[in-house]
Amino acid sequence: MLDQRTRSFTILARVLAAIGATIAIVVFAVYGFAPSKIPDSTLSLATAILGAIAAVYFLTLHLALKNTHLALSTLILSSITGVNLVLVISSTGGLDSPFYSFWLLAIVAAGIFGRNEIIVILSLTLVYYAFELFHQGWNAPYVTDHLIQLGITVAASALGAWVLNRSSKASSATSKLERLSGQLTTEQLKAEAIMSSIGEGVMVIDSARRIQLFNKAAQNLTGWDESSAQSIDYNLVLQLKTADDQPLTDLNDPFAEAWKKGREIVRDNLVMTTRSGHKIQLNISVSPIFDANAHPTGAIALFRDISKEKEVERQKDEFVSTASHEMRTPVAAIEGYISLAMNANVATIDDRAKKYLDKAHDTIQHLGELFRDLLSVTKAEEGQLGGRVEAVNQGQLLQSAVDDMQFTVQKKGLTLVYQIGGQSGKAIAPLYYVAANPERLREVIMNLIDNAVKYTAEGGIKVTLEGNEKEVTVGISDTGAGIAPEDAGHLFQKFYRIDNSATRTIGGTGLGLYLCRRLIESFNGRIWVESKPGEGSTFKFTLPRLTQAEVEKMQQAVTPAPEPAPAATPAPAPAPAVTAAPETMPTAIAMPVPDVVGEAGPALSPAASSSPALSPALRPTETSGTERIS
Amino acid sequence: MPSMAKILLVEDDVNLREIYSARFAAESYEVITASDGEEALATAVRERPDLIVLDVMMPKISGFDVLDILRSTPETKETKVIMMTALSQESDRQRGESLGANKYLIKSQVTLEDVVNSVKETLGAAK
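Residues numbered from 1 in each chain as written. Chains lettered and ligands numbered in written order. Predicted model: local features only at pLDDT ≥ 70, side-chain atom pairs only at ≥ 80, totals over all residues.

1. Here's the deal with the overall build of chain B
Part 1 of the reasoning: Secondary structure summary: chain B contains 5 helices and 5 strands in total.
Part 2 of the reasoning: The order of α-helices and β-strands along chain B, N terminus first, is β-α-β-α-β-α-β-α-β-α.
Part 3 of the reasoning: Buried residues in chain B amount to 47% of all 127 residues.
Part 4 of the reasoning: Restricting the contact set of chain B to residue pairs at least 6 apart, pairs at least 24 apart contribute 59%. (Helix = DSSP H or I, 4+ residues; strand = E, 2+ residues; numbered from the N terminus. Buried ≥ 20, exposed ≤ 12 C-beta atoms within 10 Å, placed from the backbone. Contact = placed C-beta atoms within 7 Å.)

2. So, the packing of helix α2 (residues 41-91) of chain A against helix α3 (residues 100-110) of chain A
Residues and elements named next belong to chain A.
Part 1 of the reasoning: Across the interface, α2 lies against α3 with an axial gap of 9 Å and an inter-helix angle of 155 degrees. What the angle tells us is that α2 and α3 run roughly antiparallel. Crossing hand, α2 versus α3: left-handed. Where α2 approaches α3, its residues G82, L85 and I89 are matched on the opposing element by Y100, F102, W103 and A106. (Axes fitted to C-alpha atoms, helices over the stretch in contact; angles between N-to-C directions. Parallel < 35°, antiparallel > 145°, perpendicular 65-115°, else oblique. Left-handed = near helix turned anticlockwise from the far one by under 90°.)

3. Some points on the confidence of the model for chain A
All names here are of chain A.
Part 1 of the reasoning: Model confidence for chain A is summarised by a mean pLDDT of 78, while 83% of its residues fall at 70 or above.
Part 2 of the reasoning: Of all secondary-structure elements in chain A, the lowest mean pLDDT belongs to helix α19 (residues 621-629), at 34, while strand β1 (residues 201-206) reaches the highest, 92.
Part 3 of the reasoning: Segment residues 560-630 is flagged for pLDDT under 50; beyond a separation of four residues in sequence, or across chains, it makes 165 contacts in the model. (pLDDT = per-residue confidence, 0-100.)

4. A few points about helix α1 (residues 14-26) of chain B
Residue and element names in this part refer to chain B.
Part 1 of the reasoning: Here α1 contains 13 residues, and its C-alpha end-to-end distance of 18 Å stays within 8% of the 18 Å for a straight helix at 1.5 Å per residue.
Part 2 of the reasoning: Of all the positions in α1, only L16, I19, Y20, R23 and F24 are classed as buried. Taken around the axis of α1, the buried residues stretch over an arc of 125 degrees, which confines them to a single face.
Part 3 of the reasoning: Taken from the residues just after α1, S28 is the one with a positive phi, measuring 65 degrees. (Expected span 1.5 Å × (residues − 1). Arc of directions from axis to C-beta.)

5. Quick word on helix α12 (residues 394-411) of chain A
All names here are of chain A.
Part 1 of the reasoning: Here α12 spans 26 Å end to end across 18 residues, near enough to the 26 Å set by a 1.5 Å rise per residue.
Part 2 of the reasoning: In α12, a bend of some 40 degrees at M405 exceeds every other bend along the element.
Part 3 of the reasoning: Among all positions of α12, only Q394, G395, Q396, L397, L398, S400, A401, D404, M405, T408 and V409 are buried.
Part 4 of the reasoning: Downstream of α12 by one or two residues, G413 has phi in the positive range, about 80 degrees. (Bend = angle between axes of the 7 residues up to and from the residue.)

6. What to know about unusual backbone geometry
Part 1 of the reasoning: You will see that S231(A), though not glycine, has its phi angle at about 70 degrees, which is positive.
Part 2 of the reasoning: Among the secondary structure elements, S231(A) is positioned in the loop between α7 (226-229) and α8 (234-237).
Part 3 of the reasoning: Judged by the 12 C-beta atoms lying within 10 Å of it, S231(A) is exposed.
Part 4 of the reasoning: One non-glycine residue, R48(B), lies in the positive phi region at around 50 degrees.
Part 5 of the reasoning: By the element assignment, R48(B) lies in the loop between α2 (37-47) and β3 (51-55).

7. Thoughts on the packing of α3(A) against helix α4 (residues 115-135) of chain A
Residue and element names in this part refer to chain A.
Part 1 of the reasoning: Packing of α3 against α4 leaves a shortest axis separation of 8 Å and a crossing angle of 155 degrees. For the element pair α3 / α4, the angle class is roughly antiparallel. Across from A106, I107 and A110 in α3, the residues of α4 making contact are E117, I118, I121, L122 and T125.
Part 2 of the reasoning: By residue class, the composition of the contact of α3 with α4 is 6 nonpolar, 1 polar and 1 charged. (Nonpolar A, V, L, I, M, F, W, Y, C, P; charged D, E, K, R; others polar.)

8. With respect to the environment of Y433(A)
Residues and elements named next belong to chain A.
Part 1 of the reasoning: For Y433, the location among the structural elements is in strand β9 (residues 433-436).
Part 2 of the reasoning: Placed 38 residues apart in sequence, Y433 and G395 show a C-alpha to C-alpha distance of 8.1 Å.
Part 3 of the reasoning: Those residues in contact with Y433 that sit more than four places away from it in its chain are A391, V392, N393, Q394, R545, L546 and V551.

9. Details of the sheet that holds strand β11 (residues 471-477) of chain A
In a beta sheet, neighbouring strands are held together by backbone hydrogen bonds and run either parallel or antiparallel to one another.
Residue and element names in this part refer to chain A.
Part 1 of the reasoning: Pairing in this open sheet of 5 strands is mixed, and the strands run β8-β10-β11-β13-β12 from one edge to the other. The open sheet terminates on both sides in strands that have one partner only, identified here as β8 (415-420) and β12 (526-532). The sheet shows a mean angle of 15 degrees between the axes of neighbouring strands, taken without regard to direction.
Part 2 of the reasoning: Sheet analysis places β8 next to strand β10 (residues 460-467), joined by 6 bridges and oriented parallel. The residue bridging L416 from the neighbouring strand is I461, located in β10. (Pairing = 2+ DSSP bridges.)

10. Structural notes on the pairing of strand β13 (residues 536-544) of chain A
Residue and element names in this part refer to chain A.
Part 1 of the reasoning: Across 7 bridges, the pairing between β11 and β13 is antiparallel. Within β13, the residue paired with V472 across the bridge is L543.
Part 2 of the reasoning: Sheet topology places β12 next to β13; 7 bridges connect them, and they run antiparallel. Along β13, the bridge assignment pairs I527 with F541.
Part 3 of the reasoning: Where β12 folds back on β13, the antiparallel hairpin that results is connected by 3 residues, among which G534 adopts a positive phi of roughly 95 degrees.

11. Focus on the sheet that holds strand β2 (residues 211-214) of chain A
All names here are of chain A.
Part 1 of the reasoning: Strand order in the open sheet made by the 6 strands is β2-β1-β6-β5-β4-β3, with antiparallel pairing throughout. Edge positions in the sheet fall to β2 and β3 (239-242), since each has one partner strand and no second. Neighbour-to-neighbour, the strand axes of this sheet turn through a mean angle of 35 degrees, independent of strand direction.
Part 2 of the reasoning: The sheet contact formed by β3 and strand β4 (residues 265-273) spans 4 bridges and is antiparallel. When the bridges of β4 are listed, Q239 appears paired with T273.
Part 3 of the reasoning: Against the sheet, helix α9 (residues 254-261) engages β4, β5 (279-290) and β6 (296-305), with an angle of about 25 degrees to β5.

12. Points about the environment of A256(A)
All names here are of chain A.
Part 1 of the reasoning: Among the structural elements, A256 can be located in helix α9.
Part 2 of the reasoning: Note on A256: 15 C-beta atoms within 10 Å, which makes it partly exposed.
Part 3 of the reasoning: Remark: the alpha-carbon pair of A256 and V286, spanning 30 residues in sequence, is separated by 9.5 Å.

13. Some points on the confidence of the model for chain B
Part 1 of the reasoning: Confidence in the prediction for chain B averages 86 pLDDT; 92% of positions are at 70 or higher.
Part 2 of the reasoning: Across the interface, the model reports ipTM at 0.82; the global pTM reads 0.46.

14. Here's the deal with the environment of A5(B)
Residue and element names in this part refer to chain B.
Part 1 of the reasoning: Mapped onto the elements of the fold, A5 is located in the segment before β1 (6-10).
Part 2 of the reasoning: Residue A5 is classed as buried on the basis of its 22 C-beta neighbours within 10 Å.
Part 3 of the reasoning: A C-alpha to C-alpha distance of 5.4 Å links A5 and Y29, two positions 24 residues apart in sequence.
Part 4 of the reasoning: Setting aside its immediate chain neighbours within four residues, A5 contacts Y29, D50, L51 and L123.

Encoded structure:
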């Protein structure tokens, strides 16, 4: 595309060459046919020769130069013509010459070249004026006569300047356009290169759900080539189903969700059927595109095949699960044998052996605890941790948990108080019901209280219950060392243990709080910690509060098949619904309650409540044993 | 305190069998053992125990099947049964109870003493 300036130069050069050629042809023709008609033969000849030079120059040098030095070449051509014109003007009467009007044209045309050229030609003209006026002896009538002509000359140069201004503006606009279009092309090429080199499938759809862009990886993953996928409904190409082969609904369709929520949605549990019928596990992230009025205008989807990762994950979980299962049997056997050895009704050992066996028993118990937590984590990953959900009276559950922990807490010389509502004076507890599995929820509470006991050297533990119409919040505060802010965020991660002297001496698997989080989240709640180093920590969790109607509905659903109290606790009466009588709930279900665990263990315990021969110092199980029966 | 009651312990793991036997014996129970479901059924009919402590996860016949057969056999229809399992799934517990188990204990959740207490209580309730 030619810009304005180039075009002007080209036209100007052609015009000048044509003028030169015309003059030369006319003059030479007149010379040939009627030499007598030539008024001033020397001048005419000179004009014709210069015209011819201009024409020849145009046909030779200019043609060679115009691609690289168009402006310069045109300037040379203009100079030749200019000299010719000056020659004509000066020999036909100077300022009074009729050819002076051509000079005015030349001044305007100079605008094409630039400001400097106008200034040069105007200056030369003015000098010529001065010279002519001087030549005429500055007589007044002559000066007056030519003032208008001078004005026209200056006006001509102003016109030239305007020409210049306009053409440069146009040319800068044109070149900007050119640059932009060049950039656009470059960007397009770049984008295409990026798209095709991205390993993830990229798909862009418009508001009518038609595919607008479909990169190489997307083509490879789906088996659809770009031309067939282009402009058709994305659902035909990206055939998504849930992991259990159900079609997507508005509730679990990532596109629908992305448009509804207006943010990126990531799913890693969908299965895509390729064009050839293969099924692959997909990780897909969908980002909605909105126009200025926040109307959805399309979406960008990034997806990749995670079949292999899923398989590896499954194998890992299976391995952990199998390994923990298999190893638990020998661990249980070791623990059982140690228990037998320490039971005075079964074996006879001396005090020293008893002491060592006691330590061995504690150690093996920790090992058992670790295996149990690992299994729970595997279950959590498989999403089958929560168990059956029912309406649970949070206050009652807390009370029974606190009662059960009193012994452990007092043994360590700490205090444990339970407080309902903001003020301690509030005696009547509102009924806070939450939807949860009572056993699992109790595990969480016991785990948190137990942690508080473990990490508190002196002072006390306070269990609080608060709530409003929507939520029920349980807090477990201690007066321990507190948790540094940088650790607080990681506490609920798998295998995270704060590395300090306290944690090194206190046993744990690094899974307890992770499991608490998974459980609380599975009941649609959340758990967090508030702590100031040196002042203690408060672990809190919140669960949605059930309305009275919901509670009744859930209790009715439970009643036809009463949930017996878990077998660990011999129920005093035919097992009633747990919600109705939480005090019948087990105290020895799988919970990391070390002091109970430490003595009674999650698997097998060495001591019998009925073995009076045992030294109470070594085996203070009696209490926990009786607690369990009560 | 119940004494001299006869307990049939069905457990495929030899170590756990020995441990439970010894512990039950320490409570003055008469303990007989079986290491798989078939043996358990034969022994149960022959010995007529007061209580069967039955492991669920066993080769050949599972504890659930053993319980099912016990309940449909006239000689053992009324025999008390405590099921012991590593399966902690709710559905398994329900299955055990619907088949007529008197108690359903999850191994990882109970101590040896809990088992002893459960035995005492189950036998106590029978008398």
